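What the coordinates show
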Amino acid sequence: MQKFGIKVFLVVYIILVIFQVLTTNIKEAYTYSPHQIDFQIQRMNRYPPSLARIGYIAEVKKEVQIFKKLEKNFFFAIDFKEYFPNRLPYVFSPFFFVGLYIFIRDREKGKIVFYGFLTSIIIFTLIGSHAKYGPILIMPYLVYFIILGILKVFRPKWL
Amino acid sequence: MVMKKIHYILLTVITLFFSGFLYFYKLELIPSGFYVDEASVAYNAYSIFITGKDEYGFPNPIFFRLMGSYTPSLFIYLSSFLIKYFGTGVLVFRSISASAAFLSVFFFYFLVRKMKLYKLELSYFVITFFYSISPWMVFNARLGYETTLAFLIFNIGAYFLYISQKKSRNLVLAIIFLSLSTYISHNQRILAPLFLLSYFIVFRRKLLTKENIKNILPAFIVGLILHIPHFYHIGTRAFWIKGAQLDISNFWNFITYLSPKTLFYENPDIDLQHTIPKLSMMFNWMVIPYIVGSYLLIKRIKDDRYKFIAIYVVASLLPSVVSSYFVSSQKSFPFIIPLSIVLGLGIDTVLDSLKPHLRILLLGVAGYSLFVLFGSYFILFPKERASGWNYGYDLIAEYIKERPDEFFLLDDARNPRAYILLLYHLKYNPEEYHKEVDPFYRNNYYSAPIPATYYHFSNVEVRQIDWKEDPKKDITIIGDPLSISEQQAIEHNLTKVSEFKNPSMNIIFEVHETNPEAY
């Protein structure tokens, strides 16, 4: 039964990953507008001549710029404000935090879900936030955390 | 053992060296410009020093009206005392904050030491180092107004409050420092009572013992005595000026303040003056210890030490959360203490999981942090935030000083508080200004009247341009590039005679002479 559950989870998860990747404009995450390029050059020129090389590395160098894009995507993926209240009402946020805590505490019990959550954040970091339907790969986890939180706080007798 | 001690001494020296350097290096030049809040405090301190009265000619106020903010007075009185010995330069006012920030490093260390939260001895030094070089700390260490001094005094109070759990006689000291902090900044006027109240509610069982009561009573009496000046002004509008701005419906802003994106990636503060290019409040890598530390904080919340941190988190954020819909990195600055303690929990856990020889990686993290901070704060910030810091008013003041026979109009359409910047940079005699300022403000000092829209002193008027009348007068008009367009200059026969540029070489002020004969 447990193995069957894992299989179902994996199938649904893979479908979601494919859907997320197909509906995300990945190119957009790694391209710069002429204005952004101009701004990078302006910033590089703000470094004094003695630090010109550092200015180039910090502001223009391609690898550093890619790292900055990844950083932006990562912080977008874990930004609470992105989800509350944009996608979920504020009132659920306390339950989200309680649920997230329980989820991390009991991560050994649900390893597959835990790693699925981490993988979702990594995928989102790589493909960027220009998704047609938003971060659908992360949303199920959020709802899961909220349910965990509600169950913890209210402890319904029927469970 | 001896080697370890040498390492810790070395770490302490490194922390003090870097914090001293980051707080005091080029302090008079960076931030470039002198912000209007700094000028306001500085000119009032100067006025108090010369005349014993504030800019409006009101004798020794307990709340300074300034431009309608009714700022608690202690920072201004301290500044006026320092003016006697060190003059009125930018450095004097900013060095109060730099010194306060430097002292706060010690009290942060004392607090985490007393709390005994970390497994590794090394973690106490490491988190103190990162606290001292964090962008949030460095930024606030270099302000010429009350925020950082209030922060220090509040932290000393919080430290004594924490140690009063074991020795309740420290409660008197805690009350003294927490009360003093309310005389320095508005933020602490909400934060200190909130923190104290939450502390007493959470630890009531521990506190209300026979042994403690005999120390609580004197502390309470000391508190009452220290707040007599507050009680005396409780009926004035000035006393409640910030209270009227509180709005509990902003409560959910907690989420924004606690979001990793806000803390470690992008400071969402809409005030350009409060931000550093490319940096948020803390370094981006700290998101990892933040997640680990937050988890541990919740996990161990039943422990009194962690309850104390939780109280600190809520109390330090609540005043800023409910005071505005927008994030204010300045009002929430006290949050850096519980945040750093939590980051320390995370760093301690990560370090503990590493093999000892891998802890050398810390050097790389420290190097990266210093590199990023130096580039953002000391190279980009002075150029990109110069206008946000009111750069250029000293240049205008010099220009005016060199032309005592001309009459000037400074357009303040985009900076309605510009008059105080000129008063400060002109070092205009406060006794003279008291004769020129509208006595209405002196006579209704604490009743919070609406700020003036017109200022006149010496050969200067500060107000918005009246396009019907001003071009007919023989005056020199100074304004930013939006004040006078090329078309307007042609239409009204104005002659551009000078311009001033900021460090990015953008024009910030233009000087035009009128030609009344042409009318």
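The rules behind these values
- Residues numbered from 1 in each chain as written.
- Chains lettered and ligands numbered in written order.
- Predicted model: local features only at pLDDT ≥ 70, side-chain atom pairs only at ≥ 80, totals over all residues.
- Helix = DSSP H or I, 4+ residues; strand = E, 2+ residues; numbered from the N terminus.
- Rg over C-alpha atoms; globule rule 2.2 N^0.38 Å.
- Buried ≥ 20, exposed ≤ 12 C-beta atoms within 10 Å, placed from the backbone.
- Contact = placed C-beta atoms within 7 Å.
- Nonpolar A, V, L, I, M, F, W, Y, C, P; charged D, E, K, R; others polar.
- Axes fitted to C-alpha atoms, helices over the stretch in contact; angles between N-to-C directions.
- Parallel < 35°, antiparallel > 145°, perpendicular 65-115°, else oblique.
- Left-handed = near helix turned anticlockwise from the far one by under 90°.
- Domains from an automatic or database assignment.

Okay, the overall build of chain A next. Along its length, chain A carries nine helices and zero strands. The N-to-C order of helical and strand elements in chain A reads α-α-α-α-α-α-α-α-α. Here the C-alpha atoms of chain A give a radius of gyration of 20 Å, more than 25% beyond the 15 Å that 2.2 N^0.38 yields for 159 residues. Taken along its principal axes, the extent of the C-alpha atoms in chain A is 70 × 30 × 30 Å. Each of the 159 residues in chain A was classed as buried or not, and the buried ones make up 22%.

Taken residue by residue, the interface counts 16 residues in chain B and 16 residues in chain A. Secondary-structure elements contributing two or more residues to the side of chain B that touches chain A are α13 (254–258), α14 (260–264), α15 (287–299) and α18 (361–384) of chain B. Within the side of chain B that touches chain A, the residues separate by chemical class into nine nonpolar, four polar and three charged.

The next subject is the packing of helix α9 (residues 186–202) of chain B against helix α16 (residues 304–323) of chain B. All names here are of chain B. Here α9 crosses α16 at 150 degrees, and the two axes come no closer than 9 Å. Classified by the angle their axes make, α9 and α16 are roughly antiparallel. As α9 packs across α16, the resulting crossing turns out to be right-handed. Taking contact as the criterion, the partners of Asn187, Ile190, Leu191, Leu194, Phe195, Ser198, Tyr199 and Val202 in α9 are, on α16, Lys307, Ile311, Val314, Ala315, Ser316, Leu318 and Pro319.

All names here are of chain B. Under the domain assignment, chain B is made up of domain 1 (2–30 + 89–384) and domain 2 (393–518). Put simply, the middle of domain 1 and the middle of domain 2, counted by C-alpha atoms, are 40 Å apart. Contact residues are listed per partner, giving seven residues for domain 1 and five residues for domain 2. Split by residue class, the side of domain 1 that touches domain 2 holds three nonpolar, two polar and two charged.

Attention shifts here to the packing of helix α3 (residues 74–86) of chain B against helix α4 (residues 90–115) of chain B. Residue and element names in this part refer to chain B. At a minimum axis separation of 10 Å, α3 and α4 run at an interaxial angle of 125 degrees. If you check the angle between α3 and α4, you find them oblique. Like other packed secondary-structure pairs, α3 and α4 cross with a definite hand, here right-handed. Contacts from Phe75, Leu78, Ser79, Leu82, Ile83 and Phe86 in α3 reach Val92, Phe93 and Ile96 in α4. Its residues assigned to classes, the contact of α3 with α4 comprises eight nonpolar, one polar and no charged.

Okay, the environment of Tyr433(B) next. Residues and elements named next belong to chain B. Checked against the element boundaries, Tyr433 lands in helix α21 (residues 430–436). Exposure remark for Tyr433: the 21 C-beta atoms within 10 Å place this residue in the buried category. Spatially, the C-alpha atom of Tyr433 lies 8.0 Å from that of Tyr56, the residues being 377 residues apart in sequence. Excluding residues within four positions of it along the chain, Tyr433 makes contact with Glu55, Leu423, Tyr428 and Phe457.

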